[in-house]
Amino acid sequence: MNWLPLHMSIGVTVIAMILLRLFWRVFTKVPVRPLPRPVRFAGALVHACLYVTILAVLITGWLGYRPMPFMPPARLFGSLPVPLAPTMGGLSARAFAVLHAKLVWLLLGLVGVHVLAALAHAALLRDGVMRGMSLGRPDVAPRE
Ligand code: HEM
Ligand code: HEM
């Protein structure tokens, strides 16, 4: 089975979702939590790393794509042709595909740290951070 077109269609959907999320994040007020400074700093750092790594995975995926010789090019959602990425910094598409795969491991590591931290907030610190994941209004004041 050729998994790449489905893989890229899901990846492009993730790009759309992450851009929408970043837009939302920039233009809405973020809840201020009464947490100790180092905890706030660690959270902000891991979240920033998550955003950067997700974007790096998506971009290197695109830079890593080259149609196979003598094969029809991959189509997104069964119809849209994938725009061919420019060559960057003298690196081959193969090199970007390898980087893409390595970055996925980094992303999985960060997600692991993030989920453990979320569990620590819920079970050890009991500071209400986990409630930020539930639907409805957060019980913290928005930043002005
Ligand atoms: C969150 C999104 C994505 C994840 C988690 C992801 C994950 C992966 C993984 C695990 C591999 C296999 C690497 C290996 O060979 O061991 C891979 C390969 C690849 N991905 Fe992605 N990917 C994502 C998005 C994308 C996007 C958006 C594109 C392109 C538009 C893309 C294009 C590719 C290409 C070209 C390969 C290499 C296939 C080959 O080895 O020839 N990926 N990806
Ligand atoms: C069991 C799975 C997960 C749990 C319980 C969880 C929990 C949370 C919680 C409670 C927050 C809010 C933190 C706050 O309000 O300060 C958060 C934010 C966040 N999560 Fe997760 N998460 C999970 C999975 C993931 C995954 C898989 C990703 C990415 C691949 C992710 C990326 C993020 C990012 C980027 C933020 C920061 C949002 C922002 O402030 O803009 N999370 N998560």
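To keep things clear, this report deals only with the structure shown in the data block. Bear in mind that the values here come from a model prediction, so they are computed numbers and not experimental data. (Residues numbered from 1 in each chain as written. Chains lettered and ligands numbered in written order. Predicted model: local features only at pLDDT ≥ 70, side-chain atom pairs only at ≥ 80, totals over all residues.)

1. Examining the environment of Thr13
Tracing the sequence through the fold places Thr13 in helix 1 (residues 4–27). Residue Thr13 is classed as exposed on the basis of its C-beta count, with 12 C-beta atoms lying within 10 Å. For Thr13 and Pro34, which are 21 residues apart along the polypeptide, the C-alpha to C-alpha distance reads 35 Å. (Helix = DSSP H or I, 4+ residues; strand = E, 2+ residues; numbered from the N terminus. Buried ≥ 20, exposed ≤ 12 C-beta atoms within 10 Å, placed from the backbone.)

2. With respect to the packing of helix 2 (residues 37–63) against helix 3 (residues 93–125)
Where helix 2 contacts helix 3, the two axes come as close as 8 Å, and the packing angle between them is 155°. Comparing their axes, helix 3 and helix 2 come out roughly antiparallel. Once helix 2 is placed against helix 3, the crossing between them reads as left-handed. Together, Val46, Cys49, Leu50, Thr53, Ile54, Ala56, Val57, Thr60, Gly61 and Leu63 of helix 2 and Ala93, Phe96, Leu99, His100, Leu103, Val104, Leu106, Leu107, Leu110, Val113, His114 and Ala117 of helix 3 make up the contact between the two elements. Here the contact of helix 2 with helix 3 is composed, by residue class, of 17 nonpolar, 5 polar and no charged. (Axes fitted to C-alpha atoms, helices over the stretch in contact; angles between N-to-C directions. Parallel < 35°, antiparallel > 145°, perpendicular 65-115°, else oblique. Left-handed = near helix turned anticlockwise from the far one by under 90°. Contact = placed C-beta atoms within 7 Å. Nonpolar A, V, L, I, M, F, W, Y, C, P; charged D, E, K, R; others polar.)

3. A word on the site of ligand 1
Lining the immediate environment of ligand 1, one finds 16 residues, of which Gly11, Gly61, Tyr65, Ala97 and Ala101 sit closest. For the shell around ligand 1, the elements supplying multiple residues, two or more each, are helix 1, helix 2 and helix 3. A per-element tally of the shell around ligand 1 places helix 1 first, with 6 residues. Residues belonging to the shell around ligand 1 are distributed by class as follows: 11 nonpolar, 5 polar and no charged. (Near = placed C-beta within 6 Å.)

Honestly, it's all geometry; don't read function into it.
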